[in-house]
Amino acid sequence: RIPLVRVHHMEAHALVTWLPSCHAHHAPRPHPPSASVPQAPPPPPLLSGLLPPFPFLTLLVSGGHNMLVLSRAVGDHTVLGSTLDDSIGEAFDKTARLLGIEAIPGGPPLERLAASGDPRAYALPRPLSRTRDEALRSNCDFSYAGLKSAVRMLLEPQQPPKKQ
């Protein structure tokens, strides 16, 4: 039987850097000739038996998630802000497609293009900077739909007309 281990997806993202490399600590062991089924090695302990330096802030940024989390202990987290609409990964992918980049994820090719670009060439909005909703302006949430729309409106006049 294979054991089932419950793992909180976002907590795993935040704490995985504290795990040692499985390759460094668990080299394959030869099995005794009488063993018919190899046993899995025990799970790796936290780095040198230490816990992370709680409390700390975690900025989780992945393709579909953006979260700012206050971590007080393992299992004790408070989400201070999260994605309201589009994640940064979705905004990168959509912008890449608008520029004719088909690679998924679109972020790495965009980053390479940006390295040789002029950061002052286009005036793009800072997310949530123009909202009149004071609650949105004063919290820690993320929104990239407006930035994605601004890029689309910037690029549309440069696109060839669509065939009818």
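Computed from a predicted model, the values in this text were never measured in an experiment.

Chemist: Lay out helix H6 (residues 145-155) in plain terms, naming residues and giving numbers.
Modeler: Within H6, the full set of buried residues consists of Lys148, Ala150, Val151 and Leu155. Seen end-on, H6 carries its buried residues on one side only, within an arc spanning 160°. The secondary structure elements touched by the buried residues of H6 are helix H3 (88-98).

Chemist: So what's going on with the pairing of strand E3 (residues 76-82)? Which residues, and what values?
Modeler: Where a strand is regular, its side chains alternate between the two sheet faces. Sheet analysis places strand E2 (residues 66-73) next to E3, joined by six bridges and oriented antiparallel. Pairing of alanine 73 across the sheet is with aspartate 76, part of E3. Counting the residues in the hairpin turn of E2 and E3 gives two residues, including glycine 75, whose phi is positive at 85°.

Chemist: I'd love a proper account of the confidence of the model for the chain, names of residues and values included.
Modeler: The share of residues in the chain with pLDDT of 70 or more is 80%, and the mean pLDDT across the chain is 81. Least confident of the elements in the chain is helix H2 (residues 22-25), whose mean pLDDT is 47; most confident is helix H4 (residues 107-115), at 93. Every residue in residues 25-31 scores below 50 in pLDDT, and together they form nine contacts with partners more than four places removed in sequence or on other chains.

Chemist: Break down the pattern of salt bridges for me, with residues and values.
Modeler: Here the structure, examined in full by the defined rule, presents four salt bridges. Arginine 152 is paired through a salt bridge with glutamate 156; the nearest N and O atoms lie 3.3 Å apart. Classification of arginine 152 as partly exposed rests on a relative accessible area of 31%. Residue glutamate 156 is classed as partly exposed on the basis of its relative accessible area of 45%. Here the salt bridges share partners, and the residues they tie into one network are Asp86, Glu90 and Lys148.

Chemist: Tell me about the layout of surface pockets, and name the residues and values.
Modeler: Roughly 790 Å³ of volume is contained in the largest pocket. Lining the largest pocket are 22 residues; nearest its centre among them are Thr95, Leu99, Leu110, Ala114 and Leu124. Those elements that provide at least two residues to the lining of the largest pocket are H3, H4 and H6. For the lining of the largest pocket, the residue count by class is 15 nonpolar, four polar and three charged.

Chemist: Residue-level account of the environment of threonine 17, with values.
Modeler: Its location among the elements puts threonine 17 in the loop between helix H1 (9-15) and H2. Between the C-alpha atom of threonine 17 and that of proline 52, which follows or precedes it by 35 residues, the distance is 9.5 Å.

What counts, and at which threshold
- Residues numbered from 1 in each chain as written.
- Predicted model: local features only at pLDDT ≥ 70, side-chain atom pairs only at ≥ 80, totals over all residues.
- Heavy atoms only, no water.
- Buried < 20%, exposed > 50% of the residue type's maximum accessible area, 1.4 Å probe, protein only.
- Helix = DSSP H or I, 4+ residues; strand = E, 2+ residues; numbered from the N terminus.
- Arc of directions from axis to C-beta.
- Contact = heavy atoms within 4.5 Å.
- Pairing = 2+ DSSP bridges.
- pLDDT = per-residue confidence, 0-100.
- Salt bridge = Lys/Arg side-chain N within 4 Å of Asp/Glu carboxyl O.
- 1 Å grid on protein atoms, 1.4 Å probe; cavity = no way out; pocket = protein on both sides within 12 Å on 5 of 7 lines; lining within 4 Å.
- Points joined across faces, edges and corners; volume = space filled by probe spheres on them.
- Nonpolar A, V, L, I, M, F, W, Y, C, P; charged D, E, K, R; others polar.

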